[in-house]
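Survey of secondary and tertiary structure
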Amino acid sequence: MAILVTRPGEKGKTLCELLNQNGFASLHVPLIEIISGADLNALPARMRELNAGDGVLAVSQSAVRFAHTALCNVGARWRDDVRYFTVGAKTAQALCECCEHGVHYPFPQESSEGLLAQPHFAQFDGQKMLILRGNGGRELIANHLRERDVAVEYVQTYQRVGLEYDMAAQLNMWKRAGISTIIVTSGEILRYLVESVGKNHHNWLLEQQFVTISARIAQQAQEYGCRKVAVSARADNASILATLRLLKMNNISDEVEYE
């Protein structure tokens, strides 16, 4: 089983190292990179404008990392009198280390749907929710909050931009390396991958085993025509490794989902 890892940045490199250490041949080809967002400089002022009891929701570790740097650069701090939320444990840990306050997150369903069902979030009664995110993203949480008359304000703390490759050369390399499994950690990466690969190579691409980190991304993969899709229980690298081990052990050839 040779694995193509498309997860960007250090997390992608770390995943490759983890896989190699555990007997999986892997190749790291990040299809996007993450850079500073358009609203980052405005973040300190947006934080000051919050009232006591309002909320801050970070959608990813990247959102936390860029936001923390922006605040530190101007000598600002995370507010002591607002409530903090994330959609996953790793992001909650990163935010907790930065803001030095408790952070609410859903478990075990680390997703937007899980957060909406989380009691602290379901009972949120602040006037405003500041959502730290990248360019684009789902509107599910924002729409839910607006239905409850909560003012939602987005702050684009980072943005994802596609990386340019000679895709024909990449495909030749992937085939020579015997790639049979592709790890995709976002819908945008999946879209970029499918659209970048020439149509004459789509049959090869869609026959590979895909591993995603959410049922939503898996559904997108199926809509593109991917025939074999597995869903990691969580988004962290250790959970992805566990999914790959299970696939290898069972030699799965049909479409599967692990939730």
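What comes next concerns the included structure. (Residues numbered from 1 in each chain as written. Predicted model: local features only at pLDDT ≥ 70, side-chain atom pairs only at ≥ 80, totals over all residues. Heavy atoms only, no water.)

A closer look at the nonpolar core
Counting 41 residues, the largest nonpolar core has Leu19, Trp174, Ile183, Leu193 and Leu244 as the members making the most contacts within it. Looking at this core, the element that brings in the most residues is helix α9 (residues 187-196), giving five residues. Sequence-distant contacts of leucine 193, that is, excluding residues within four places in its chain, are made with Leu31, Trp174, Ile182, Val184, Leu205 and Phe210. Listed in part, the 24 residues of the second largest apolar core include Ala67, Trp78, Val82 and Leu132. (Core = buried A, V, L, I, M, F, W, Y, C linked by side-chain atoms within 4.5 Å. Buried < 20%, exposed > 50% of the residue type's maximum accessible area, 1.4 Å probe, protein only. Helix = DSSP H or I, 4+ residues; strand = E, 2+ residues; numbered from the N terminus. Contact = heavy atoms within 4.5 Å.)

Some words on the pairing of strand β8 (residues 151-156)
Pairing analysis gives six bridges linking strand β7 (residues 128-133) to β8, with the strands arranged parallel. Bridging across to β8, lysine 128 finds its partner in alanine 151. The β-α-β motif built from β7, the intervening helix α7 (residues 140-147) and the parallel element β8 has right-handed crossover chirality. (Pairing = 2+ DSSP bridges. Right-handed = clockwise from strand over helix to strand, strands pointing away.)

Structural notes on the packing of aromatic side chains
A full pass over the atoms with the stated rule returns four aromatic pairs. When the centroid spacing of 6.4 Å and the interplanar angle of 20 degrees are considered together, the rings of phenylalanine 66 and tyrosine 158 count as stacked. Of the two residues, phenylalanine 66 is situated in helix α3 (residues 61-73) and tyrosine 158 in strand β9 (residues 158-162); the sequence distance between them amounts to 92 residues. On the basis of relative accessibility, which here comes to 15%, the residue phenylalanine 66 falls in the buried class. With a relative accessible area of 5%, tyrosine 158 lands in the buried category. A ring pair is formed by phenylalanine 85 and phenylalanine 121, whose centres lie 5.1 Å apart and whose planes are at 85 degrees; its orientation type is edge-to-face. On the criterion of sequence distance, the pair formed by phenylalanine 85 in strand β5 (residues 83-86) and phenylalanine 121 in helix α6 (residues 119-122) is long-range, its members being 36 residues apart. In this structure, lysine 248 packs its charged tip against the face of phenylalanine 24, placed 5.1 Å from the ring centre. (Phe/Tyr/Trp six-rings, centres within 6.5 Å; stacked < 30°, edge-to-face > 60°. Lys NZ or Arg CZ within 6 Å of the ring centre and 35° of its normal.)

Brief notes about the state of the cysteines
Applying the stated criterion across every chain, the model contains zero disulfides. Counting only cysteine sulfurs, cysteine 98 is the nearest neighbor of cysteine 72, a cysteine outside any disulfide, at a range of 7.4 Å. For cysteine 72, a relative accessible area of 43% gives the class partly exposed. Take cysteine 96: it sits in no disulfide, and the sulfur closest to it among the cysteines is that of cysteine 99, at 5.8 Å. For cysteine 96, a relative accessible area of 35% corresponds to the partly exposed category. (Disulfide = S-S within 2.5 Å.)

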